[in-house]
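# Observations on the model geometry
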Amino acid sequence: MVKGKREENIKRIILLEDRIIDCERCPTSLQCIRKPSLGKGDLVPDAVLIFESDKNCIEDISDIIEIRKTISTNLGIKSIYHTFLVRCQPKSCTCLNNINCYGGRKLIDKEYDCILNNKKCSGIPINPSDEQIVSCMPFVIEEIEILKPSYIFLFGERVIDFMLKSLGVFNDYKIPTVIHVDDTSLVLLDSEEYFDSDYCAQIKI
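Presented here is an overview of the structure given in this document. Not measured: the values here are computed from a predicted model.

The rules behind these values
Residues numbered from 1 in each chain as written. Predicted model: local features only at pLDDT ≥ 70, side-chain atom pairs only at ≥ 80, totals over all residues. Heavy atoms only, no water. Phe/Tyr/Trp six-rings, centres within 6.5 Å; stacked < 30°, edge-to-face > 60°. Helix = DSSP H or I, 4+ residues; strand = E, 2+ residues; numbered from the N terminus. Buried < 20%, exposed > 50% of the residue type's maximum accessible area, 1.4 Å probe, protein only. Expected span 1.5 Å × (residues − 1). Arc of directions from axis to C-beta. Contact = heavy atoms within 4.5 Å. Pairing = 2+ DSSP bridges. 1 Å grid on protein atoms, 1.4 Å probe; cavity = no way out; pocket = protein on both sides within 12 Å on 5 of 7 lines; lining within 4 Å. Points joined across faces, edges and corners; volume = space filled by probe spheres on them. Nonpolar A, V, L, I, M, F, W, Y, C, P; charged D, E, K, R; others polar. Salt bridge = Lys/Arg side-chain N within 4 Å of Asp/Glu carboxyl O.

## With respect to the packing of aromatic side chains
Taken as a whole and judged by the stated rule, the model has 4 aromatic pairs. Geometrically, the ring pair formed by F51 and F84 is tilted, given 6.3 Å between the ring centres and 40° between the ring planes. In this pair, F51 is assigned in strand β2 (residues 47–51) and F84 in strand β3 (residues 80–84), connecting sequence segments 33 residues apart. Accessibility assignment for this pair places F51 and F84 in one class, buried. Residues F51 and F155 carry aromatic rings whose centres are separated by 4.7 Å and whose planes lie at 20° to one another, so their mutual orientation is stacked. Here F51 is found in strand β2, whereas its partner F155 is found in strand β8 (residues 151–155), with 104 residues between them in sequence. Across the pair, F155 and F51 agree in class, each one buried. In textbook terms, an aromatic cluster arises when at least three aromatic residues are bridged by ring pairs, as seen for F51, F84, F155, F195 and Y199.

## What about helix α1 (residues 2–22)?
With 21 residues, α1 extends 30 Å between its outermost C-alpha atoms, agreeing within 8% with the 30 Å of an ideal straight helix rising 1.5 Å per residue. Those residues of α1 that fall on the buried side of the exposure criterion are N9, I13, L16, E17 and I20. For α1, the angular spread of the buried residues around the axis is 105°, confining them to a single face. Residues of α1 that are exposed and angled more than 90 degrees away from the buried face: K11, L15 and D22. Those residues of α1 that are buried are in contact with β3 and α4 (130–147).

## Digging into the pairing of β3
When you tally the buried positions in β3, you get 5 out of 5 residues, the bulk of the element. Judged by which residues are buried, β3 turns out to be covered on both faces: I80, H82 and F84 on one side and Y81 and T83 on the other are all buried. In this sheet, β3 lies alongside strand β1 (residues 40–41) in antiparallel orientation, the contact comprising 2 bridges. Residue K40 lies in a different strand from β3, and its bridge partner there is H82. Of the strand pairs in this sheet, β2 and β3 are connected by 5 bridges, and their pairing is parallel. Bridge pairing links A47 to I80 in β3.

## So, the environment of S129
Tracing the backbone through its elements, the reader meets S129 in the loop between β7 (124–125) and α4. What makes S129 partly exposed here is its relative accessible area of 27%. For S129 and Q31, which are 98 residues apart along the polypeptide, the C-alpha to C-alpha distance reads 16 Å.

## Considerations on empty space enclosed by the protein
Applying the stated criterion across every chain yields a total of 2 cavities of 30 Å³ or more. Its volume calculated, the largest cavity comes out at about 140 Å³. As for the largest cavity, its lining consists of 14 residues, and the residues nearest its centre are C23, C26, R87, C88 and C136. Mapped by element, the contributors of at least two residues to the lining of the largest cavity are α2 (27–30) and α4. For the lining of the largest cavity, the leading source of residues is α4, giving 4 residues. Class assignment for the residues of the lining of the largest cavity results in 8 nonpolar, 3 polar and 3 charged. Roughly 40 Å³ of internal volume is contained in the second largest cavity. Every residue lining the second largest cavity is listed: C32, C93, C95, L96, C114, L116, C121, S122 and G123. Of the residues that constitute the lining of the second largest cavity, the class distribution is 7 nonpolar, 2 polar and no charged.

## Topic: the pattern of salt bridges
Going through the model one piece at a time under the given rule, you end up with 8 salt bridges. One network of salt bridges, in which partners are shared, links E52, D130 and R158.

Following this line, the structure appears as structure tokens:
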């Protein structure tokens, strides 16, 4: 049964990822990324972790891997999938001052070098705007619907706020805490930068 469910989820996630890759809702973010950040992990997960965006860049997910290990070790959750509220990490970059002449083309090559100055991309990751979050949210909502996890870990106040509203939850809450919506436990957490074994010990699931 799990094997059949995994195969079905693989097909549906692939179709979702194709749409994410083809998305052009936020053109200014597209210029300085090679590809959007996609979800990764077990495709029949007990838990889905949702981060605001991939601030550490898609080249290095070591922090996320450590968070997954901490949850597995301290909470006994073994099958985990992680994903993002916003797929295209916006950046602040001084090289973009006279960008109009470049249209909508990519400004970063396959080696993550900026084509404007032939140097490694030095764009500073910034927080996504509310508009970018709203544009991207249908993807993560569909992802959750496909995967149907028992637990959803929401990292950071903006992720919590947008996700709870999308699920029809408007109650006040404290962090960290666990609330229940239908058959799913929502684990509300501070930003991932504060997450470690001691913080994890505060969570009662």
